[in-house]
Amino acid sequence: MRELRNIVVLTGAGISAESGVATFRGPGGLWEGHRVEDVCTPEALARDPETVHRFYDERRAGLATVEPNAAHHALARLDAEWRGELLIVTQNVDDLHERAGAKRLLHMHGELRSALCANCGGRRHWQGALAPGRDCDACGEAMLRPDIVFFGEIPYHMERIEHALADADLFVSIGTSGAVYPAAGFVQSARRHGADTLELNLEPSGGSIFFAESRMGPAGVLVPEWVEEVLGRP
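Residues numbered from 1 in each chain as written. Predicted model: local features only at pLDDT ≥ 70, side-chain atom pairs only at ≥ 80, totals over all residues. Heavy atoms only, no water.

Where an unreviewed UniProt entry is consulted, the protein appears under the name NAD-dependent protein deacylase, with the organism given as Stakelama marina. Of the protein, the UniProt comment under Function (unreviewed entry) reads exactly: "NAD-dependent lysine deacetylase and desuccinylase that specifically removes acetyl and succinyl groups on target proteins. Modulates the activities of several proteins which are inactive in their acylated form." As recorded by UniProt, the Sequence similarities (unreviewed entry) comment attached to the protein reads in full: "Belongs to the sirtuin family. Class III subfamily." (UniProt positions renumbered as here; feature names shortened; annotations may be inferred.)

What follows is the structure, given as structure tokens:
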């Protein structure tokens, strides 16, 4: 690799699956007979808010049963020890990166433990069930919803992510399918700006062909090994 200072890391469902977090997509990615798209769209929220809220209540409650794994802890170590620029961008809505200790982190698809006001855009930390019709502390309107980027909505922090990709010396994708845009296009954006690219995944993703190097295996093994390599560089 060339001289390395700025790193952007993208994480997907594969990194949290090793902790027991159920994935939204793929085999088994259904809940009570609903397609994920039926409980993750603005239209679904308007049509059946009770079902949508219950869907995320179940997943929020499930966070109490899982813990960060070796991959989360390795990235938190990189965050703590890397002296250059680092941005960890996660597509996951769990809080396992934070619980492992990562701080240079963005959630591009929202967070389970956050509530969003559909009226004023205000956010607040949220634990437990979030019933439809809860009042927003900021504006008083009864429009709190799960702080999740639904299908058809623009992911969070896109401007900051694009700036980081433009400045990156290395882009690393961990546990992603390579099928969900705009995240699936990050590798091509990084390459256009001259970054080296590395994929760490259980199996080849839909975007593997765009990476200069791909390593296949469990994130809990590959990520600590890679972090050790990076931190051991002169």
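Draft legend 1. Molecular detail of the packing of aromatic side chains. Throughout the structure, instances matching the rule amount to three aromatic pairs. Aromatic side chains Phe55 and Tyr56 sit 4.8 Å apart centroid to centroid with 85 degrees between the ring planes, which places their arrangement in the edge-to-face category. Exposure remark for Phe55: the relative accessible area of 2% places this residue in the buried category. Note that Arg59 overlies the ring of Phe55, its terminal NZ or CZ placed 3.9 Å from the centroid. (Phe/Tyr/Trp six-rings, centres within 6.5 Å; stacked < 30°, edge-to-face > 60°. Buried < 20%, exposed > 50% of the residue type's maximum accessible area, 1.4 Å probe, protein only. Lys NZ or Arg CZ within 6 Å of the ring centre and 35° of its normal.)

Draft legend 2. Summary view of empty space enclosed by the protein. Counted under the stated rule, the structure contains one cavity of 30 Å³ or more. Roughly 100 Å³ of volume is contained in the largest cavity. Residue lining of the largest cavity: 15 residues in total, with Ser173, Thr176, Gly178, Ala183 and Ala184 positioned closest to the centre. The residue makeup of the lining of the largest cavity, split by class, is eight nonpolar, seven polar and no charged. (1 Å grid on protein atoms, 1.4 Å probe; cavity = no way out; pocket = protein on both sides within 12 Å on 5 of 7 lines; lining within 4 Å. Points joined across faces, edges and corners; volume = space filled by probe spheres on them. Nonpolar A, V, L, I, M, F, W, Y, C, P; charged D, E, K, R; others polar.)

Draft legend 3. Spatial organisation of the UniProt feature "active site" (unreviewed entry) in the protein. Per the UniProt record, "active site" (unreviewed entry) is annotated on His109. Mapped onto the secondary structure, His109 falls in the loop between strand 3 (105–107) and strand 4 (110–117). Separated by 3.2 Å, the side chain of His109 and the backbone oxygen of Gln91 make a polar contact. (Helix = DSSP H or I, 4+ residues; strand = E, 2+ residues; numbered from the N terminus. Polar contact = N/O pair within 3.5 Å; in protein donor to acceptor, adjacent residues only side chain to side chain.)

Draft legend 4. Main features of the sheet that holds strand 6 (residues 144–148). Strands sit in the order 5-4-6 across an open sheet of three strands; the sheet is antiparallel. Two strands close off the open sheet at either side, each with one partner strand: strand 5 (123–125) and strand 6. Averaged over all pairs of adjacent strands, the angle between strand axes in this sheet comes to 40 degrees, irrespective of strand direction. Alignment of strand 4 against strand 6, held across four bridges, turns out to be antiparallel. Bridge pairing in strand 6 places Ala115 opposite Pro146. Running over the sheet, helix 3 (residues 49–62) touches strand 4 and strand 6 and is turned about 55 degrees from strand 6. (Pairing = 2+ DSSP bridges. Axes fitted to C-alpha atoms, helices over the stretch in contact; angles between N-to-C directions. Contact = heavy atoms within 4.5 Å.)

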